[in-house]
Amino acid sequence: MKTTNGLNFFLLFVGVIVLTLGLSISTQSLIAGLYTAPLSNPATCTSGNPGCGAPLSLSSNLVQTLQGSIWVVNSAYPTSPYGLIVGSGNVGIGISSPSATLDVVGNIKVTQGITIGNSTLTTAGTIRWTGTALEVYTGSSWLNFITPQTRTYTCSARPGSNTEWNTVSSYTQTWTGSAWSPADDATTEYNATADMASCRYTCVSGYTWSGSACIPLSIGLAHQGGKIAYLSGFNSGLIAALSDQSTAAAWGCSGTAISGADGTAIGTGNQNTIDIMAGCATAGIAARLCRGVTINGYTDWYLPSKDELNQLYINRVAIGGFTTNYYWSSSEYDANYAWSQYFYDGFQGYYIKSNAYYVRCVRAF
């Protein structure tokens, strides 16, 4: 069924014809009029006149005209405006060639209510009553007229391997009356910032973004503000700053033992730095230069411990930017000495805290 204007669902009911035209037409009599053989010369007939074939069963005071195989009631057919047209299994009002079961051109007025069935027709604009909701078909899905409609948008096309959805792989959309909100997100892309209403992905643990793909973490790879200097397993380790933070800084507080700053193992440099900051107030010392620096958005840098500094020496070429000079560690030897390392040959020794050496900061990930 279709209409040129007005609501198509009103047209499902032949009762509209009864209300509009005041006709009394039964389903069987309509069908009977559809199969009348065409006449060579159209004739004017009254109800029950056998000379014109089998007209529709209408009131006796209504005039019907047989145009070919089509019965026309009260019409200027074949010119507009058209009245009631019956032919080819369809009924039309205001149209010369009805192409649906009921095909109406013009507005429809209904004095009393109309009952709508639960249609399975999937044509855009179709309206149905499911028994609990009034719905319209959009061409792809049914929408509820009354209650807010929601649906789940599922993200797709996450590229390559070693990636994962960042926070969500789907999100809920609400129909505003004209569009789904948030909108469909077909442009899936890498984004390290979590987003609850868009399709963003990030790298799985142990991988980092190269600018075009997620690649395995490796020594010397740019990552989280610097370059990877040490890996513990495949997803944690140390990152060295890209350049030296000082070329001539003292360890500080020579003659004063700093409680807790004697850790030498990998993983102890951060606590050493915290202890030095608490026990030595001297400005510009090596530990303070690292603790107060922001590099590429990261603020959790510290002076490496003796063993952490050695990893920087071992991987100095991959990291880059080192000189062949002495670098301070955060590991105290005693009240007067602290550990440093000579980056010419890798020698580690303890030296007077007041010496001015190079500083390269690190952070854990």
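Placed above this text is the structure.
Let me begin by describing the structure that accompanies this report. (Residues numbered from 1 in each chain as written. Predicted model: local features only at pLDDT ≥ 70, side-chain atom pairs only at ≥ 80, totals over all residues. Heavy atoms only, no water.)

### Comments concerning the sheet that holds strand S14 (residues 180-181)
This is how it is decided: In short, DSSP must find at least two bridges between two strands for them to pair. Numbering goes from the N terminus for both helices and strands, where a helix is a DSSP run of H or I of at least four residues and a strand is a run of E of at least two.
Spatial strand order, S11-S13-S14: three strands in an open sheet with antiparallel pairing. Two strands bound the open sheet, and with one partner strand each, they are strand S11 (150-154) and S14. Looking at chain direction, S11 and strand S13 (residues 170-175) are connected through five bridges and run antiparallel. Paired with Thr154 across the bridge in S13 is Ser170.

### Description of the pattern of salt bridges
We apply this condition: Throughout this description, the term salt bridge denotes a Lys or Arg side-chain nitrogen within 4 Å of a carboxyl oxygen of Asp or Glu. With a 1.4 Å probe rolled over the protein chains alone, any residue whose accessible area is under 20% of its type maximum counts as buried; one over 50% counts as exposed, and the rest are partly exposed.
Across all of its chains, the model carries eight salt bridges by this definition. Here Arg360 makes a salt bridge to Asp244, at a shortest N to O gap of 2.8 Å. On the criterion of sequence distance, the pair formed by Arg360 in the loop between strand S26 (357-359) and strand S27 (362-364) and Asp244 in the loop between strand S21 (237-240) and strand S22 (246-249) is long-range, its members being 116 residues apart. Grouping residues by exposure puts Arg360 and Asp244 together as buried. Between Asp300 and Arg363 there is a salt bridge, with the nearest N and O atoms lying 2.7 Å from each other. Of this pair, Asp300 sits in the loop between helix H4 (286-291) and helix H5 (306-314) while Arg363 sits in strand S27, and the two are 63 residues apart along the sequence.

### Let's talk about helix H3 (residues 269-279)
To be explicit about the condition: In this description, one arc is meant: the one made by directions from the helix axis to the C-beta atoms. Should any heavy atoms of two residues lie within 4.5 Å, those residues are counted as being in contact.
Of the positions making up H3, those classed as buried are Gly269, Asn272, Thr273, Asp275 and Ile276. Seen from one end, H3 has its buried residues packed into an arc of 165°, which puts them on one side. The inward-facing, buried residues of H3 abut H4, H5 and strand S23 (326-332).

### Considerations on the pairing of strand S9 (residues 134-137)
One face of the sheet, then the other: side chains in a regular strand alternate in exactly this way. Two strands pair when backbone bridges link them, and strand S8 (residues 127-129) and S9 are joined in this way by three bridges, in the antiparallel orientation. Across the sheet, residue Ile127 finds its bridge partner in S9, namely Val136. The hairpin formed by S8 and S9 contains four residues between the paired strands, and Gly131 there has a positive phi angle of roughly 105°. Looking at chain direction, S9 and strand S10 (residues 142-144) are connected through three bridges and run antiparallel. Paired with Tyr137 across the two strands is Trp142, which belongs to S10. In this structure, the hairpin formed by S9 and S10 is closed by a connection of four residues, where Gly139 is found at a positive phi of approximately 115°.

### Comments concerning the nonpolar core
One recurring pattern in soluble globular proteins: nonpolar side chains tend to sit buried together. In plain terms, the rule: Put simply, buried Ala, Val, Leu, Ile, Met, Phe, Trp, Tyr and Cys residues joined by side-chain atoms within 4.5 Å make one nonpolar core.
Counting 26 residues, the largest nonpolar core has Ile258, Ile276, Trp301 and Val359 as its most contacted members. Of all the elements in the fold, those that place two or more residues in this core are H4 and S26. Per element, the largest residue contribution to this core is three residues, and it comes from H4. The residues touching Ile258, leaving out its near neighbours within four places in the chain, are Trp251, Cys253, Asp275, Ile276, Gly279, Cys280, Glu332 and Lys353. Leu238, Ile319, Tyr327 and Tyr358 belong to the second-largest nonpolar core, a separate cluster that totals 13 residues.

### Some points on the state of the cysteines
The test is simple: Any cysteine sulfur atom paired with another within 2.5 Å is treated as part of a disulfide.
Overall, the coordinates contain four disulfides when judged by the stated rule. Residue Cys203 pairs covalently with Cys214 via a disulfide, S to S 2.1 Å. What sets the handedness of the Cys203 and Cys214 disulfide is the S-S torsion sign, and at about -85° it is left-handed. With Cys203 in strand S16 (residues 200-203) and Cys214 in strand S18 (residues 214-216), the pair connects residues that are 11 residues apart, well separated along the chain. For the residue pair Cys203 and Cys214, the accessibility class agrees, reading buried in each case. Cys253 shares a disulfide with Cys280; S-S distance 1.9 Å. Measuring the twist about the S-S bond at about 95°, one finds the Cys253-Cys280 disulfide to be right-handed. With Cys253 in the loop between S22 and H3 and Cys280 in the loop between H3 and H4, the pair connects residues that are 27 residues apart, well separated along the chain.

### Some points on the packing of aromatic side chains
The condition that has to hold: Stacked, edge-to-face and tilted labels apply to pairs of Phe, Tyr and Trp rings (six-membered ring for Trp) whose centres lie within 6.5 Å, assigned for plane angles under 30 degrees, over 60, and everything in between, in that order. To sit over a ring, a charge needs its Lys NZ or Arg CZ within 6 Å of the ring centre and within 35 degrees of the ring normal.
The tally for this structure, following the rule as stated, stands at 21 aromatic pairs. Ring plane angle 65° and centroid distance 5.2 Å describe the contact between Tyr326 and Tyr351, whose orientation is recorded as edge-to-face. Taken as a pair, Tyr326 in strand S23 and Tyr351 in strand S25 (residues 348-352) lie far apart in primary sequence, 25 residues in all. With a centroid separation of 5.4 Å and an interplanar angle of 85°, the aromatic rings of Trp339 and Tyr350 are classed as edge-to-face. Taken together, the residues span a long stretch of sequence, with Trp339 in strand S24 (residues 337-342) and Tyr350 in strand S25 at a distance of 11 residues. Exposure remark for Trp339: the relative accessible area of 18% places this residue in the buried category. The partly exposed category is assigned to Tyr350, whose relative accessible area is 40%. Chaining the aromatic ring pairs together yields one cluster made of Tyr326, Trp328, Tyr342, Tyr344, Tyr351 and Tyr357. In this structure, Arg360 packs its charged tip against the face of Phe322, placed 3.9 Å from the ring centre. Here the basic side chain of Arg363 rests over the ring of Trp301, its NZ or CZ set 6.0 Å away from the ring centre.

None of this, on its own, says anything about what the molecule does.
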